[in-house]
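Chains, contacts and geometry: an overview
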Amino acid sequence: MSDSEEHHFESKADAGASKTYPQQAGTIRKNGYIVIKNRPCKVVEVSTSKTGKHGHAKCHFVAIDIFTGKKLEDIVPSSHNCDVPHVNRTEYQLIDISEDGFVSLLTENGNTKDDLKLPTDDNLLSQIKDGFGEGKDLVVTVMSAMGEEQICALKDVGPK
């Protein structure tokens, strides 16, 4: 290979940080997070069965998908590891709502973030549209996990 050849790498990956981390099933508690059927979920109920004649105590998880709100269940031996999603919450100031349902958000470093859709929750959706229509200064909370992002809360910081 000669030195005159240039290599161009398409960078489509993040820093290689995993979307999940392992945690022993027996240590996951209510209101914690867990991955069930490849979906990030918030645990709403945990019950542990006694060890049987041959073995493992089992943990029965009832959890709600943090993005779709669907209820999911899983049963895992308590000594086994479960995947737990890295869940981040970030606050952004709302700048604009486009005609096609996307929002324009202001990040902390002054850039704009334009790749998020309005939430599907009707109550939150109407609060955002009404508040924006009235010209209020709105701050939205965006929850992100496993490569997905969604607006999950709204704060009114006062009039512009």
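Residues numbered from 1 in each chain as written. Predicted model: local features only at pLDDT ≥ 70, side-chain atom pairs only at ≥ 80, totals over all residues. Heavy atoms only, no water.

A word on the overall build of the chain. Secondary structure summary: the chain contains 1 helix and 11 strands in total. Secondary structure elements of the chain occur, N-terminal to C-terminal, as β-β-β-β-β-β-β-β-β-α-β-β. Per-residue burial for the chain yields a buried fraction of 32% across its 160 residues. Working note: accessible area of the chain is about 10,700 Å², and carbon and sulfur atoms make up 48% of it. (Helix = DSSP H or I, 4+ residues; strand = E, 2+ residues; numbered from the N terminus. Buried < 20%, exposed > 50% of the residue type's maximum accessible area, 1.4 Å probe, protein only. Areas by Shrake-Rupley, 256 points an atom, 1.4 Å probe, with all protein chains shown as cover.)

Tallied over the full model, the rule gives 7 salt bridges. Ionic pairing is found between R39 and E148, a salt bridge with its closest N-O pair at 2.6 Å. Taken together, the positions of R39 in strand β3 (residues 39-48) and E148 in strand β11 (residues 148-159) put the pair 109 residues apart, joining distant regions of the chain. Here D156 and K136 are joined by a salt bridge, their closest N and O atoms 3.7 Å apart. Taken together, the residues D156 in strand β11 and K136 in strand β10 (residues 136-145) connect sequence positions 20 residues apart. Because the salt bridges share partners, they merge into one network encompassing R39, D65 and E148. (Salt bridge = Lys/Arg side-chain N within 4 Å of Asp/Glu carboxyl O.)

Two faces make up the sheet, and in a regular strand the side chains alternate between them. Relative to β10, strand β7 (residues 88-97) runs antiparallel, the two being bridged by 6 bridges. Residue pairing for β10: T90 is matched across the bridge by V142. In this antiparallel pair of consecutive strands, β7 and strand β8 (residues 102-106), the connection spans 4 residues, and G101 shows a positive phi of 90°. (Pairing = 2+ DSSP bridges.)

This brings us to unusual backbone geometry. One non-glycine residue, N31, adopts positive backbone phi at about 70°. Within the secondary structure, N31 sits in the loop between β1 (20-24) and β2 (33-36).

This part is about the pairing of β3. As paired elements, β2 and β3 share 4 bridges and run antiparallel to each other. By the bridge assignment for β3, Y33 is matched with K42. Two successive antiparallel strands, β2 and β3, enclose a turn made up of 2 residues, where K37 displays a positive phi of approximately 50°. With 7 bridges joining them, β3 and strand β4 (residues 58-65) adopt antiparallel strand pairing. Following the sheet pairing, K42 is matched in β4 by I64.

Quick look at the side chain of K113 now. Relative to the helices and strands, K113 is located in strand β9 (residues 112-117). Since its relative accessible area comes to 14%, K113 is described here as buried. There is a polar contact of 2.9 Å between the side chain of K113 and the side chain of E149. In this structure K113 touches Y92, V103, S104, L105, T107 and E149, once residues within four positions along its chain are discounted. (Polar contact = N/O pair within 3.5 Å; in protein donor to acceptor, adjacent residues only side chain to side chain. Contact = heavy atoms within 4.5 Å.)

Turning next to a negative patch on the surface. A cluster of acidic residues, D96, E99, D100 and D114, forms a negative patch on the protein surface. Looking at where E99 falls in the secondary structure, it is placed in the loop between β7 and β8. (Patch = residues over 30% accessible without salt bridge, like charges linked within 9 Å, V, L, I, M, F, W, Y side chains within 5 Å. Lys, Arg positive; Asp, Glu negative; His and termini not counted. Charge placed at Lys NZ, Arg CZ, Asp CG, Glu CD.)

This next bit is on the sheet that holds β4. Ordered by their spatial adjacency, 4 strands build an open sheet running β2-β3-β4-β5, and the pairing between neighbours is antiparallel. With partners counted over all chains shown, the strands left at the sheet margins are β2 and β5 (71-77), one partner each. Strand-to-strand twist across the sheet, computed as the mean angle between neighbouring axes with direction ignored, equals 45°. (Axes fitted to C-alpha atoms, helices over the stretch in contact; angles between N-to-C directions.)

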